[in-house]
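Given next are the chains, with one letter for each unit.
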There are 4 protein chains.
Amino acid sequence: VECANGQGIVHSRMALIDRYRAVRQFSEKICETLEPEDFVIQTMPEMSPTKWHLAHVSWFFETFVLKVHLPDYESLHPQYTFLFNSYYNAAGKMHARPQRGLISRPTVRNTYEYRKYVDTMVLKLLGEASERKLEVLAPLIVLGLNHEQQHQELMLTDIKHVFWMNPLRPVFRKEKPNAASSSAKLKWQNFDGGIYSIGHEGAGFHFDNEGPRHETLLQPFALASRLVTNREYLEFMEDNGYTRPEFWLSLGFNMVKEKYWDSPFYWERDLGKWGMMTLDGMRAVDLDEPVCHVSYFEADAYARWAGARLPTEAEWEVASEEVPVEGNFAESGFYHPAPARESGRTEGLQQMFGDLWQWTQSSYSPYPGYKPVRGALGEYNGKFMCNQYVLRGASCATAKSHARRTYRNFFPPDARWQFMGIRLAKEIS
Amino acid sequence: VECANGQGIVHSRMALIDRYRAVRQFSEKICETLEPEDFVIQTMPEMSPTKWHLAHVSWFFETFVLKVHLPDYESLHPQYTFLFNSYYNAAGKMHARPQRGLISRPTVRNTYEYRKYVDTMVLKLLGEASERKLEVLAPLIVLGLNHEQQHQELMLTDIKHVFWMNPLRPVFRKEKPNAASSSAKLKWQNFDGGIYSIGHEGAGFHFDNEGPRHETLLQPFALASRLVTNREYLEFMEDNGYTRPEFWLSLGFNMVKEKYWDSPFYWERDLGKWGMMTLDGMRAVDLDEPVCHVSYFEADAYARWAGARLPTEAEWEVASEEVPVEGNFAESGFYHPAPARESGRTEGLQQMFGDLWQWTQSSYSPYPGYKPVRGALGEYNGKFMCNQYVLRGASCATAKSHARRTYRNFFPPDARWQFMGIRLAKEIS
Amino acid sequence: VECANGQGIVHSRMALIDRYRAVRQFSEKICETLEPEDFVIQTMPEMSPTKWHLAHVSWFFETFVLKVHLPDYESLHPQYTFLFNSYYNAAGKMHARPQRGLISRPTVRNTYEYRKYVDTMVLKLLGEASERKLEVLAPLIVLGLNHEQQHQELMLTDIKHVFWMNPLRPVFRKEKPNAASSSAKLKWQNFDGGIYSIGHEGAGFHFDNEGPRHETLLQPFALASRLVTNREYLEFMEDNGYTRPEFWLSLGFNMVKEKYWDSPFYWERDLGKWGMMTLDGMRAVDLDEPVCHVSYFEADAYARWAGARLPTEAEWEVASEEVPVEGNFAESGFYHPAPARESGRTEGLQQMFGDLWQWTQSSYSPYPGYKPVRGALGEYNGKFMCNQYVLRGASCATAKSHARRTYRNFFPPDARWQFMGIRLAKEIS
Amino acid sequence: VECANGQGIVHSRMALIDRYRAVRQFSEKICETLEPEDFVIQTMPEMSPTKWHLAHVSWFFETFVLKVHLPDYESLHPQYTFLFNSYYNAAGKMHARPQRGLISRPTVRNTYEYRKYVDTMVLKLLGEASERKLEVLAPLIVLGLNHEQQHQELMLTDIKHVFWMNPLRPVFRKEKPNAASSSAKLKWQNFDGGIYSIGHEGAGFHFDNEGPRHETLLQPFALASRLVTNREYLEFMEDNGYTRPEFWLSLGFNMVKEKYWDSPFYWERDLGKWGMMTLDGMRAVDLDEPVCHVSYFEADAYARWAGARLPTEAEWEVASEEVPVEGNFAESGFYHPAPARESGRTEGLQQMFGDLWQWTQSSYSPYPGYKPVRGALGEYNGKFMCNQYVLRGASCATAKSHARRTYRNFFPPDARWQFMGIRLAKEIS
Ligand SMILES: [Fe+3]
Ligand SMILES: [Fe+3]
Ligand SMILES: [Fe+3]
Ligand SMILES: [Fe+3]
């Protein structure tokens, strides 16, 4: 059997099983330092309790693999289908999203039992399936694993929010990283205009929204060699960036006034100095690190202030063509963006993958000819193509095996709690 | 030393220490069946997580006893003062009430450690205090214990709400009670008009809002011998009580329409039959039990429909004069109101104490000459004397040693999650 | 025929007709300075457009007099019943209160035509009714006129709000009053405790909530000889009254913080000096005038700061026994409270009637034995007896013929836009 | 002097003056049937009182022409700048948009005086300006006139909402149009893929968001020959279109459930038949007319149901190349879309201009190289490029001289009160 995953081809049953085990285990590894109470909390409607994430990704395998392909499969609890369906209308009614934090049972222990139960069944199914059946199962398993990797990233960003909301400011990751030394100089890399192809093509795994591959016409443009740093963003702040409407989209400036934004999310001024919440706890803002936890509105305003603009997603994808998919990913357990280091190379784009997702100016919309899959899985992506903006790259909370050049991440323009940063672009003539 | 508690006089240091231990242990006994996750949840702004209750009552001893009377006392954590102050402005800033469920740390284990730490310190203080000092400490300790008993009742009503909000409908109390047989006939007991004295007087413990004792003038009135039953309340419902504005206060009818009320809280119609949530889980409505979890609005509307009215708190207190403070209290672990049994007595008031708090028509307001205590403890009661209504008696979730004839419980007129019921009154000529 | 009105007895058909004409004309006189646009606006849900008031009081006559007693009566428009019913469920469905300002038609001209139409029909009915019929009609007419007088006061307070919300701050009343010279010294008048009778009795008109007359028991008390002045209230403000929680009811202090209250309503600080909105436009705060437009919360907090309390409504009514119903009423067209003048009398209560309604500490609740009228008119008062507080006296916007010793005005504790002030009381031993 | 307007070139001072007079008069002509009260009302935050529109467009001339180019110009009232600035932060503080309906003064008469005052000054300025000066003024005047034309359309759509909110359902336009006979058959017109240029270029007036003209790459596509009709849309409704999530964007389906949408806006079912509100009052839905007052969400869901999609704005503009800018515009005074008539032509696009704005699937975003004007006028368009969707064409409420092939209208995806309809597109291979 051959089936697609994010890194290439799964060559055999064993490879599929190994990958299943690895991804599932990583979810639980992420939770090692958590107390049972930490798994329960929902601190804003946009985020979910860790316990819910762990159960929901299992529900995904249950719903799209086990219930379809394992005869007489019964769930561990008849209500789990209701509780752990996120948004798939075709899969039945579901618990209201903003109420996910009102549910103390199933407990964390119950949740792990549920995971184990699903794992047993999936592994049994994979172990016993005919080769023919495996060809059907493999893409579903790989989709489920990519889905779980998405939720791994959310688990990290959501638990960060949980700890932030607590005046005790708990610490998620005990070991502190080495302090960064300095940040590379920002250079501009030029790209020619012309007709380019973007979007996914070929055997590897991809989400449906990444296709079909198609041609697009670009004007000449330049892209910044690295992400915007805290030092640069502070200049914008000190130039009264947050109170000058001329830099802002109208909705963005309303948001600034309504929510009293005056800095990136997770920043806090203490005795005149800026600190920030990280998964290591509170610490001083490191000026060399890329600015993080900014909304589309802030990214766009900063770019305007800086005399530049955000890239389109097509520009970003074209520019990434020569860049290897390497960087500061979740596997390192660092969970925080790192400064761009001055490299020997005199040119080239840094921090394209890992560190931070990068806001593009592109509204999240279907590629020409895009058709969602039939059935419940068609609800995975397509129905969210409204009032959201595309982010490209990947972050320090993304698994490396999940990152991809054609990956289209998307969030509403006021979202800030993900690992989101800014890469500038500009026109050239 | 002699000091006041709810049931009489604490005769000695040992008695005080015993009582402290007993009340503190009862709080923990209540939580025996809970999982750590259950302690964390806040399912509506009016209720609090169990964990918070357990910590807050300890904070009370810390703030009003240890920090004042134990030299060099230091709290287990500098932020607990902020997190566990409920509403005492004079005791410093406090965490926002509706955010109590957003705090996973301190964990349940930390909370129990905090309780143990406070207990150690309080018991040390009580053990070593001079007799003179003990005279100062005893009333504070007794107040703190009564405060903890109030929160014990809230822990029970709040956890009921937590389990109700969960589609799995967990069960708090495993052993099921015997089914009730029948309900006593409702009789009317008459009381003469005249000048009566109400309010607390004498040595026993009482809250400041129960005094000063004072004279009041009553017209002749009659009081129902028992609480209104589910059977009677269902007649009101089936007579379209919830859709006929003529029975309702204007605010009440607005609430009915806005919240789609059509039955007492915790009732749920399933296949045409009414079930109800109890601390034993969901079960059929027992027609002989007193109707429970009704708001002031519903109690008042029911009374008007029944051609009667709610009693004033003065009427209730006067009528209770000859009734012993006995009944179905929290100590029994039954945690649900029981039917009034047909007694040998041809007259007399049943269910005055225990079973359910009884709505009176009296707005919660100061007695003539009422003066709150000086300092932070003055915020205990007086500042809430607005837009609330008095309930009298006690409930199946009240500790017996906490019940009192002069006790003034109070809630806003739309509150329903407490163990609240209806006793009718009427004018007589 | 003999029928009741606020000032005594209507002796004849002609007297009734004259009174009808006088009250109806006064409503229109109040509106003389308004432009058509002014009649349309609803600036907060609690107030109503002037146009709506003018139509609603006519609807009242239409509904309770013409439709009942005039055979074949037809309204000018079939939808007026829906649009101008305020809150009488028994009189059919009604337009939502907060949407009264979304209705441009009927126009002001249409509204006056409606009034004229109703007047013609009522006067025809009164002119032609038999004496026997007149006995039935008279109390309804008098009720309708008292109802209209209530709305006249609301028209004045509501248009004041309309003009306040407009940055142009229009002027309602062109002629400016003479400046006040000084304010009388505050003295305390003592009253004995004992059994008193309060509530209305006898032939004169009264609302149903003023009865039945009944006995009540009072402790000895003292009442302030005049209203609290702006000068006195400013002392409270300058003593940080609005930021010290110890003076406030809990709900009140929440309101202060939520709404940023730091002064009475309609006050505005300009260049360090306090100005205030009046129906004459903006002008400087006159320190000798009674403080006006304060909520129950502010009145209560001020009283606590001043070491006093608000009177109960029974105390107020007993104290008013010897005071003539005279003062600064709407008929003068002054529409603003005036300073208490130093009178020759060495004692006696000033400003009991006219100037400002006076908050009492009494929750608005039924008198013992109170029964609302049967039918739709039973909805006039009784259903509002919840979460409101009684005000006594009358104001500069009340018609003199509408004021009464037993009058029970009532508003929620956060209401400020009426002409409301503070009279202090205290215990005496 | 030569200056740009929507229809070509203004050849002379006199032409400019004539055009100024014509556009300004048309605003007042629109209001002929309104009563003063109609001008005042704001029935939802998105719309504005007619009075406000009339004043705001005058403020525009005052702010960008008179205050800049007429020495010593003084406004009629110092507060008008505050009241009638819509959203230009660079032009100073402004009155809150949702409060525009709380302002009764300036009255309608005052507003017309303000218009007259501004007209006098503008005409004086235009009459006396040097030729050189006129070259500076002309583009500003033409911009102001186009701005006023935009508000003319809003006046019509906003007054429709005002009348809709009134249970009396007033009639704006007295003369009823002739009933439509039938609707043309829907045909598909094919367009080749390739590189096209879109955006405005050349001498005529255009808004800044229409440029710069640039190349874009299109796949082959087909466009429907006419708008979707009520008959077709009813089929979608009767196929349970509003309750089947598979057709909807996620945000759209949430909106449907939250707002109980089950038909286009302004539709009302009466006795089982669909009626609709028009500027002629309520009448039966005409099945041959184009469906109107649908949101982006509904347009998108309908298209998906119909097996098609919405066009991109580039597709629409390319397709419009050969279509004359003719149709059912505001000048006719019909103010309602008309059925597409069966034309002699066997092919060609109907209803491209006039009748209804047509939702495209394109998010409103800047064209490559777009730069807003410097200064306050730069706030005209650019800052709204977020979470809005582009509509193309023009409507029955648009002035013909205002319509343009490159015109980019935009509204949030839930907006329905404009004259908005649906034209389908689809891929072809
Ligand atoms: Fe998911
Ligand atoms: Fe407490
Ligand atoms: Fe009324
Ligand atoms: Fe405008």
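Nothing here was measured: the structure is a model prediction, and the numbers come from that model.

Focus on the coordination of the iron ion (ligand 3)
A four-donor tetrahedral metal ideally has 109.5 degree angles, and a six-donor octahedral metal ideally has angles of 90 or 180 degrees.
Residues and elements named next belong to chain C.
In step 1: Looking at the iron ion (ligand 3), one finds its protein donor set to be His56 (NE2), His147 (NE2) and His151 (NE2), positioned 2.1 to 2.2 Å from the metal centre.
In step 2: Here the donor residues of the iron ion (ligand 3) are spaced in sequence according to H-x90-H-x3-H. Residue His147 and its partner His151 are both found in helix α5 (residues 131-164); the two are separated by four residues, about one turn of the helix. Per residue, the accessibility class of His147 equals that of His151, and both read buried.

Brief notes about the relation of the copies chain D and chain A
In step 1: For the match of chain D to chain A, the screw axis carries a shift of 0.0 Å, the RMSD comes to 0.0 Å, and the turn is 180°. On the angle and the small slide along the axis, the relation comes out as a two-fold axis. Of every C-alpha in chain D, the one belonging to Asn387 of chain D sits nearest the axis of rotation, 2.4 Å from it.
In step 2: Counting the interface residues of chain D, we find that 100% of their copies in chain A are interface residues as well, pointing to one common contact surface.

What to know about the side chain of Ser58 of chain D
Residues and elements named next belong to chain D.
In step 1: With respect to the helices and strands, Ser58 occurs in helix α2 (residues 50-69).
In step 2: Judged by its relative accessible area of 0%, Ser58 falls in the buried class.
In step 3: Among the polar contacts made by the side chain of Ser58, one reaches the side chain of Arg24 at a distance of 3.1 Å.

Notes on the environment of Glu148 of chain C
Residue and element names in this part refer to chain C.
In step 1: Tracing the chain through its elements places Glu148 in helix α5.
In step 2: Spatially, the C-alpha atom of Glu148 lies 7.8 Å from that of Ser27, the residues being 121 residues apart in sequence.
In step 3: Once you skip the residues sitting within four places of it in the chain, Glu148 turns out to touch Val23, Arg24, Ser27, Val57, Phe61 and Arg115.

Looking at the coordination of the iron ion (ligand 4)
In step 1: Those donors, His56 of chain D (NE2), His147 of chain D (NE2) and His151 of chain D (NE2), are the protein atoms that reach the iron ion (ligand 4), and they lie 2.1 to 2.2 Å from it.
In step 2: We note that the donor set of the iron ion (ligand 4) lies within a single chain, spaced as H-x90-H-x3-H.

Here we look at the sheet that holds strand β6 (residues 221-224) of chain A
Residue and element names in this part refer to chain A.
In step 1: Here we have three strands laid out as an open sheet, ordered β3-β6-β16, and antiparallel in their pairing. The sheet is open, and its two edges are formed by β3 (188-191) and β16 (425-427), each paired on a single side. Going from strand to strand, the sheet's axes swing by 25° on average, the running direction of each strand aside.
In step 2: Examined bridge by bridge, β3 and β6 share four bridges and lie antiparallel to one another. Paired with Gln189 across the strands is Leu223, a residue of β6.

A closer look at the nonpolar core
Note on soluble globular proteins: their nonpolar side chains tend to be buried together.
In step 1: Among the nonpolar cores identified, the biggest contains 129 residues, and Ile141, Phe172, Tyr233, Trp248, Trp359 and Ile422 of chain C are the most heavily contacted of them.
In step 2: With 14 residues, α5 of chain C is the single largest residue contributor to this core.
In step 3: With residues near it in sequence (within four places) discarded, Trp248 of chain C still touches Lys383 of chain B together with Phe236, Gly241, Tyr242, Phe253, Val256, Phe297, Glu298, Ala301 and Arg304 of chain C.

Remarks on the state of the cysteines
Disulfide: a covalent bond formed between the sulfur atoms of two cysteine residues.
All names here are of chain B.
In step 1: All told, the structure shown has zero disulfides over all chains when counted by the stated rule.
In step 2: The closest cysteine sulfur to the non-disulfide-bonded Cys31 is located on Cys396, 17 Å from its own sulfur.
In step 3: A residue is classified by how much of its surface remains accessible, and Cys31, at 3% relative accessible area, is buried.
In step 4: No disulfide involves Cys292; its sulfur sits 6.4 Å from that of Cys396, the nearest cysteine.

A closer look at the confidence of the model for chain A
Residue and element names in this part refer to chain A.
In step 1: When pLDDT is averaged along chain A, the result is 94, and 95% of the positions lie at 70 or above.
In step 2: Overall, residues 1-9 carries pLDDT values under 50, and its contacts beyond four positions in sequence, including any with other chains, amount to 35 contacts.
In step 3: At the level of chain-chain contacts, confidence expressed as ipTM amounts to 0.95, with global pTM at 0.96.

Here we look at unusual backbone geometry
In step 1: Each neighbour pair has its own omega, and for Gly211 of chain C with Pro212 of chain C the value is -5°, a cis peptide bond.
In step 2: Here Pro212 of chain C lies in the loop between β4 (194-198) and β5 (214-218).
In step 3: Note that the residue after Arg105 of chain D, namely Pro106 of chain D, is joined by a cis bond; omega there is 0°.
In step 4: Locating Pro106 of chain D in the fold gives a position in the loop between α3 (80-84) and α4 (108-128).
In step 5: Look at Asn240 of chain A: it is not a glycine, yet its phi comes out positive at around 60°.
In step 6: Here Asn240 of chain A lies in the loop between α6 (230-238) and α7 (250-259).
In step 7: One non-glycine residue, Tyr260 of chain C, lies in positive phi territory at about 55°.
In step 8: In this structure Tyr260 of chain C comes out as exposed when scored by relative accessible area, which is 66%.

Conventions used here
Residues numbered from 1 in each chain as written. Chains lettered and ligands numbered in written order. Predicted model: local features only at pLDDT ≥ 70, side-chain atom pairs only at ≥ 80, totals over all residues. Heavy atoms only, no water. Donors = N, O, S within 2.8 Å, 3.2 Å for Na, K, Ca; no water. Helix = DSSP H or I, 4+ residues; strand = E, 2+ residues; numbered from the N terminus. Buried < 20%, exposed > 50% of the residue type's maximum accessible area, 1.4 Å probe, protein only. Least-squares fit on C-alpha atoms with pLDDT ≥ 70 in both. Contact = heavy atoms within 4.5 Å. Polar contact = N/O pair within 3.5 Å; in protein donor to acceptor, adjacent residues only side chain to side chain. Pairing = 2+ DSSP bridges. Axes fitted to C-alpha atoms, helices over the stretch in contact; angles between N-to-C directions. Core = buried A, V, L, I, M, F, W, Y, C linked by side-chain atoms within 4.5 Å. Disulfide = S-S within 2.5 Å. pLDDT = per-residue confidence, 0-100.

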